[in-house]
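# Structural features, examined
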Amino acid sequence: MVFRKLPGVSASGMGLRLSQKFVFLLFLSGLVTLCFGALFFLPDSVRLKRIFLSKTETQPVTVGSENDAKEHLKRPKEQDHPRGMTSTKGETSTKMKSRKPPVPHEGTEGGDAQEDLSLKSESDKVASSDQVASLDTHKKFEKCLLKPALGRERGKPSDPQANERREKVKEMMKFAWDNYKQYAWGKNELRPLTKNGHIGNMFGGLRGASIVDSLDTLYIMGLMEEYNDAKEWVKSNLELTSNGEASLFEVNIRYVGGLLSAYYLTGEELFKNKVVELGEKLLPAFNTPTGIPRGVINLGSGTSWSWGWASAGSSILAEFGTLHLEFVHLTELSNNPIYTEKVMNIRKQLNKIEKPHGLYPNFLSPVSGNWVQHHVSIGGLGDSFYEYLIKSFLMSDKTDEGAKKMYYNALDAIEANLVQKSPGGLTYMAEWRGGILDHKMGHLACFSGGMIGIGADDGAPDKRQHYLNLAAEITHTCHESYTRSATKLGPEAFRFDSGAEATATRLSDRYYILRPEVIESYMYMWRLTHDPKYQDWGWEAVEALEQHCRVESGFSGIRDVYTTTVSHDNMQQSFFLSETLKYLYLLFSDDDLLPLEDWVFNTEAHPLPVIRRSCLQGEPAQVKTE
């Protein structure tokens, strides 16, 4: 056998024995194996690896995991608005897709640099085209959400008396606003007696709660100079990087809700940009073993914890259950599904665990996902969880069947266990403590008349009138809590035991802090029935507010509704401007001002549009009339 001369081998060594040949071939095959094997340990960017492993692709990363949330928060400034980052669940962003190495051109050894650049350019063009198409579709849908809200002449009623009452409410709003602006501008709330501002620690360093809460009320009432002042403050002064103990719930319903509604009513991009930025800062609260968020968050550092007073580090039902409306709209505006995924996970966790008698207790561990106490209330600690179930269904254009099922099942359990009738014939909702009823109803629970009313039409056909009757009965009971006080304003809580009927029996329950819940139910029941008594009841509340809560420099809560020699608490709550006065204004307006077919109010009375996918196809909106 003839061999070519090998480098480093002498001529005399060319004639090899069979055993030497075998050893040499074994060495050569080992060397070749070693060289090719090393390719697998080279970095992806090494050209040889791209040549031999051209068909290998990176695996897509799914969106919505806890790790994704952390990465989402670490994005640099230019990616704060994740419009092009993610489109639908399970898809990677167009940027991530374009990182796949280009396939080498056939017939070449991996293709030259020019061919690689050409292929990369084509890939970028496809990705860019897909991205533009996705953004274009999203923008078109967003325009669908910017729907008419103000009706004919901003809802001016044809009835002269109703219009006169409405103008009075508008004057009250201007008076409250002007004094806030004069004495507390930029602070969270006005102290009208001492004529200064209040910051508090509920918003974790955020400022201007009354401004953000008032944006939509000012706009709806046509107070445009005041609205423009508020808008300018948001533009120049609303800082979202702060350190402090912020309530996830309060920041969401007041700031996120206020900015969302301001955007949808006006189309001002300023509000959209601010709310998407704020929404990202709330996401770390969900970094728990169950995904149930903790109640307190530091907006600067992203750390979160539970309220110190909450039993065993619990999260509160009314807090983690009152995020759905705003977070779904955050997904709509940011084009990022993570917000919807977070709140859908909450619903998933709640559906997994057993409910005592079908009821939802108020305290849940974000670590174990189990109930901590069996205390059930439709008032404080529980209230708006139920409100957001029916409103999630309505806001989805009645497509969210999961929310609908949860709401009506919960309502059945509430009727079976909590709804009571007093000896005097008043219908009320008691509280439930481990199977023992506490015959107390809070002012906060008085929202439930309106809630049951707006959900009546979508219940079982044989129960629709029953639900409407129940809503009217509860609203009547709450009105009674007002009429049975000396000031004609309702107490914080009222009882139905030891001979008491819709009255507060404890000194600690006698105060009124400008709350809106009773008036909220008047407004809904007026829209649903047009029974004039609801407008009359609302006017009684206006007169009582004017007589007992209006002071020289704003409006103040009072410490005892059962005495006409009032003692004021020196606080003009931001929700007085956002809710109480807005609901009164709507009560005396025509139904085409924020029609209920097109708008859903969050629990701070910020209107959010119904999400109709049919709008994108140019289909006419279908409004059920039965």
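Keep in mind that this is a model prediction, so the values were computed, not measured. (Residues numbered from 1 in each chain as written. Predicted model: local features only at pLDDT ≥ 70, side-chain atom pairs only at ≥ 80, totals over all residues. Heavy atoms only, no water.)

Our focus in this paragraph is the overall build of the protein chain. When helices and strands are counted, the protein chain shows 20 helices and 19 strands. Counting over 626 residues, the protein chain shows a buried share of 53%. Of the roughly 27,700 Å² that the protein chain leaves accessible, carbon and sulfur atoms contribute 53%. (Helix = DSSP H or I, 4+ residues; strand = E, 2+ residues; numbered from the N terminus. Buried < 20%, exposed > 50% of the residue type's maximum accessible area, 1.4 Å probe, protein only. Areas by Shrake-Rupley, 256 points an atom, 1.4 Å probe, with all protein chains shown as cover.)

Taken in spatial order, the 3 strands of this open sheet run E3-E4-E5, and their pairing is antiparallel. Lying at the two open borders of the sheet, with one neighbouring strand each, are strand E3 (246–247) and strand E5 (304–305). (Pairing = 2+ DSSP bridges.)

So, on to the packing of helix H14 (residues 383–395) against helix H15 (residues 401–417). Viewed as axis vectors pointing N to C, H14 and H15 meet at an angle of 140 degrees, and their least axial separation amounts to 8 Å. When the interaxial angle is binned, H14 and H15 end up oblique. As H14 runs across H15, the sense of the crossing is left-handed. Only Glu-401, Ala-403, Lys-404, Met-406, Tyr-407, Tyr-408, Ala-410 and Ile-414 of H15 make contact with H14, whose side of the interface consists of Phe-385, Tyr-386, Leu-389, Ile-390, Ser-392 and Phe-393. In the contact of H14 with H15, the residues fall into 11 nonpolar, 1 polar and 2 charged. (Axes fitted to C-alpha atoms, helices over the stretch in contact; angles between N-to-C directions. Parallel < 35°, antiparallel > 145°, perpendicular 65-115°, else oblique. Left-handed = near helix turned anticlockwise from the far one by under 90°. Contact = heavy atoms within 4.5 Å. Nonpolar A, V, L, I, M, F, W, Y, C, P; charged D, E, K, R; others polar.)

When you line up the elements, Gly-358 lands in the loop between helix H13 (338–352) and strand E7 (363–364). On the accessibility criterion, Gly-358 (31% relative accessible area) is partly exposed. Through-space distance from the C-alpha of Gly-358 to that of Ile-414 is 8.3 Å; in sequence the pair is 56 residues apart.

This part covers the packing of aromatic side chains. In this structure the tally under the stated criterion is 25 aromatic pairs. Centroid distance Tyr-360 to Tyr-386: 6.4 Å. Interplanar angle 80 degrees. Geometry classified as edge-to-face. Of this pair, Tyr-360 sits in the loop between H13 and E7 while Tyr-386 sits in helix H14, and the two are 26 residues apart along the sequence. Judged by centre distance (4.8 Å) and plane angle (75 degrees), the rings of Tyr-407 and Tyr-408 are edge-to-face. (Phe/Tyr/Trp six-rings, centres within 6.5 Å; stacked < 30°, edge-to-face > 60°.)

With antiparallel pairing, 3 strands are arranged side by side in an open sheet as E6-E7-E8. Two strands close off the open sheet at either side, each with one partner strand: strand E6 (315–316) and strand E8 (371–373). Here E7 pairs with E8 via 2 bridges, running antiparallel. What sits directly across from Phe-363, in E8, is Gln-373.

For the protein chain, the average pLDDT comes to 83, and 76% of its residues sit at 70 or higher. Across residues 618–626, confidence stays below pLDDT 50; counting only partners more than four residues off in sequence or on other chains, it has 7 contacts. (pLDDT = per-residue confidence, 0-100.)

Looking now at H14. Along its 13 residues, H14 runs 18 Å from first to last C-alpha, staying within 8% of the 18 Å computed at 1.5 Å per residue. Where burial is concerned, most of H14 is hidden: 13 out of the 13 residues are buried. Trailing H14 by a residue or two, Asp-397 shows a phi angle of about 65 degrees, which is positive. (Expected span 1.5 Å × (residues − 1).)

Counting buried residues along helix H7 (residues 209–220), 12 of its 12 residues qualify, which places the element largely inside the surrounding structure. When we look at burial in H7, the residues that qualify are Ala-209, Ser-210, Ile-211, Val-212, Asp-213, Ser-214, Leu-215, Asp-216, Thr-217, Leu-218, Tyr-219 and Ile-220. Following H7 by one or two positions, Gly-222 has its phi on the positive side, about 80 degrees.

Once that is clear, we can look at the state of the cysteines. By the definition in use, this model includes 1 disulfide. Note that Cys-446 is cross-linked by a disulfide to Cys-478, the S-S spacing being 2.1 Å. In this structure the cystine formed by Cys-446 and Cys-478 twists about its S-S bond by roughly -95 degrees; its chirality is therefore left-handed. Of this pair, Cys-446 sits in the loop between strand E14 (440–442) and helix H16 (448–455) while Cys-478 sits in helix H17 (residues 464–483), and the two are 32 residues apart along the sequence. With a relative accessible area of 1%, Cys-478 lands in the buried category. (Disulfide = S-S within 2.5 Å.)

So, about the pattern of salt bridges. According to the stated counting rule, one finds 33 salt bridges in the structure shown. Glu-153 is the salt-bridge partner of Arg-152, the closest N and O atoms lying 2.9 Å from each other. By relative accessible area, which is 52% here, Glu-153 ends up exposed. Via salt bridges that share partners, Glu-431, Arg-433, Asp-438, Lys-440, Arg-495 and Asp-497 belong to a single interconnected network. (Salt bridge = Lys/Arg side-chain N within 4 Å of Asp/Glu carboxyl O.)

A few words on empty space enclosed by the protein. Tallied over the entire structure, the rule returns 4 cavities of 30 Å³ or more. Its boundaries defined by the atoms lining it, the largest cavity holds a volume of some 120 Å³. In terms of lining, the largest cavity is formed by 13 residues, of which the most central are Gly-321, His-324, Val-343, Arg-347 and Leu-389. Going through the elements one at a time, H13 and H14 are the ones with two or more residues in the lining of the largest cavity. When its residues are assigned to classes, the lining of the largest cavity shows 9 nonpolar, 3 polar and 1 charged. (1 Å grid on protein atoms, 1.4 Å probe; cavity = no way out; pocket = protein on both sides within 12 Å on 5 of 7 lines; lining within 4 Å. Points joined across faces, edges and corners; volume = space filled by probe spheres on them.)

Right, let's talk about the layout of surface pockets for a bit. Estimated volume of the largest pocket: approximately 1,100 Å³. As for the largest pocket, its lining consists of 48 residues, and the residues nearest its centre are Phe-249, Glu-250, Gly-380, Leu-444 and Arg-515. Counting residues per element, the ones that place at least two in the lining of the largest pocket are helix H9 (248–266), helix H11 (317–320), H14, strand E12 (431–433), E14, helix H18 (517–529) and helix H20 (574–587). Tallying contributions element by element places H9 first for the lining of the largest pocket, with 4 residues. The class makeup of the residues in the lining of the largest pocket is 18 nonpolar, 13 polar and 17 charged.

The next subject is the nonpolar core. Core analysis: the largest hydrophobic core is formed by 152 residues, its most contacted members being Val-234, Tyr-386 and Ile-452. With residues up to four places along the chain from it excluded, the contact list for Tyr-386 reads Leu-317, Tyr-360, Val-376, Ser-377, Ile-378, Tyr-407, Ala-410, Ile-414 and Met-451. (Core = buried A, V, L, I, M, F, W, Y, C linked by side-chain atoms within 4.5 Å.)

Bringing unusual backbone geometry into the picture now. Even without being a glycine, Lys-195 presents a positive backbone phi close to 55 degrees. Examined against the element boundaries, Lys-195 turns out to sit in the loop between strand E1 (189–191) and strand E2 (196–198). The exposure class of Lys-195 is partly exposed, given its relative accessible area of 32%. For Ala-502, which is not glycine, the phi torsion reads 60 degrees and is therefore positive.

We now examine the packing of H9 against helix H12 (residues 324–334). Running from amino to carboxyl end, H9 crosses H12 at an angle of 45 degrees, the nearest separation of the two axes being 10 Å. Considering their axes alone, H9 and H12 lie oblique with respect to each other. Helix-helix and strand crossings are classified by hand; for H9 and H12 the assignment is left-handed. Taken together, the residues of H12 that come into contact with H9 (itself represented by Asn-252, Ile-253, Val-256, Gly-257, Leu-260, Tyr-263 and Tyr-264) are Glu-326, Phe-327, His-329, Leu-330, Glu-332 and Leu-333. When grouped by side-chain class, the residues that make up the contact of H9 with H12 number 8 nonpolar, 3 polar and 2 charged.

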